[in-house]
Amino acid sequence: MSSERWWAGFKSTQHIFHYINKLKQPDTKETFKISLQNRFEVQTHEPEETETAWATLKEVITGTCEEVLGRPQPKNKPWIREEMWQKLEERRREKHAMNNAKTRLQKQMAVIRYTTMANEVKKQLRADKRSYINEIADTAEEAAGKGALKTLYATTRLLKNNPNRPVRDKDGKLITSIEEQLKRWKEHFCEVLNRPPPVLRPHLNPGEPLTINTGEITKAEIRRALGSLKSGKAASTDNIPAEALKEGGNIIVDQLHHLFNLIWTNEKIPSDWKKGLLVKLPKHGNLSQCDKWRGITLLSIPSKVLARIMLDKMKVTLQKALRDNLATFGLASVI
């Protein structure tokens, strides 16, 4: 895939976050399974083409997530407490009364009440915001001390004021336009990720042929692979989170079994699996420079399940073929 086609697909992708934490509730988990079952039962026949089978699976899972889980509502100014919202409403009523005062005396009295209320609310909001930021900073510091990186990154993101931080071009000129920033990031990551092949390639002697099980993918292998998935990871362009696959029950295993064996037989993966979401993470130094950021690619979770199954198939044979001098390091150090 060319970089132009990849970038066009990347910009047109809508990344959706579902309220995955609801699956921790037993009632919601059961409702999720029933909804999946009902949606798959509507399908009159099993698709025989890889792309069709994948499109059906993706549509059913994302539709069920949207219906049962929904999307988390962003909290606007989370440091504002409930009682402060009530005071803000009182301030709004005072302003309305001031604007609708009919006599000069009523106007003067309304201005005094509104000014007093506005100053009190502003002072309290500043104190609440300061307390909120300090609490987040303390949480981040505690997480850093314990090595809890997930909590550290989550709390650090809450303190960011501008997610679209301006960057500089190659000449050092600051870019403020979002469209120009995207072009600069495209240019940067195309240079970083598209390296020329090495001039001197290592010469490797061919080893003995390995007898690897290339038979049909079984449901037991799928269940093991699903069990190894880590929760709390962001979905890719297909918007299918790992939790939706892990909590989908037997119906998900059945559908993945059909899809994976189509891929295994036809030797063709869905086109969505060739795409990924490129996310930039800050390093140290001047963050207006693109090289002070590193990129990670979010790949399709179902594709990771198939990759895990293939790896497990190879591990069985590789364990027997490891040389004696590698035995002390274990399989994980060489795979």
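Report follows, based on the coordinates. (Residues numbered from 1 in each chain as written. Predicted model: local features only at pLDDT ≥ 70, side-chain atom pairs only at ≥ 80, totals over all residues. Heavy atoms only, no water.)

### Description of a positive patch on the surface
On the surface, Lys24, Lys150, Lys230, Lys233 and Lys304 cluster together to form a positively charged patch. Since its relative accessible area comes to 39%, lysine 304 is described here as partly exposed. (Patch = residues over 30% accessible without salt bridge, like charges linked within 9 Å, V, L, I, M, F, W, Y side chains within 5 Å. Areas by Shrake-Rupley, 256 points an atom, 1.4 Å probe, with all protein chains shown as cover. Salt bridge = Lys/Arg side-chain N within 4 Å of Asp/Glu carboxyl O. Lys, Arg positive; Asp, Glu negative; His and termini not counted. Charge placed at Lys NZ, Arg CZ, Asp CG, Glu CD. Buried < 20%, exposed > 50% of the residue type's maximum accessible area, 1.4 Å probe, protein only.)

### Some details on the pattern of salt bridges
Counted according to the given criterion, the structure contains 18 salt bridges. Note that lysine 183 and glutamate 180 form a salt bridge whose closest N and O atoms lie 3.8 Å from each other. Of this pair, lysine 183 and glutamate 180 both sit in helix α7 (residues 178-193), three residues apart, roughly one helical turn. On the basis of relative accessible area, glutamate 180 is assigned to the partly exposed category, the value being 38%. Because the salt bridges share partners, they merge into one network encompassing Lys170, Arg184, Glu187 and Glu191. (Helix = DSSP H or I, 4+ residues; strand = E, 2+ residues; numbered from the N terminus.)

### Focus: the packing of aromatic side chains
Considering all chains together, one arrives at four aromatic pairs under this definition. Summarising the aromatic geometry, the rings of phenylalanine 260 and tryptophan 273 are spaced 6.4 Å apart at their centres and angled 70° between planes, so their arrangement reads as edge-to-face. Here tryptophan 273 lies in the loop between α10 (250-266) and β3 (277-282) and phenylalanine 260 lies in helix α10, a separation of 13 residues in the sequence. Residue classification places phenylalanine 260 among the buried positions, given a relative accessible area of 0%. Grouped by ring-pair contacts, the aromatic residues Trp54, Phe260 and Trp273 constitute a single cluster. The ring centre of tryptophan 293 lies 5.5 Å from the NZ or CZ of lysine 280, which sits over that ring. (Phe/Tyr/Trp six-rings, centres within 6.5 Å; stacked < 30°, edge-to-face > 60°. Lys NZ or Arg CZ within 6 Å of the ring centre and 35° of its normal.)

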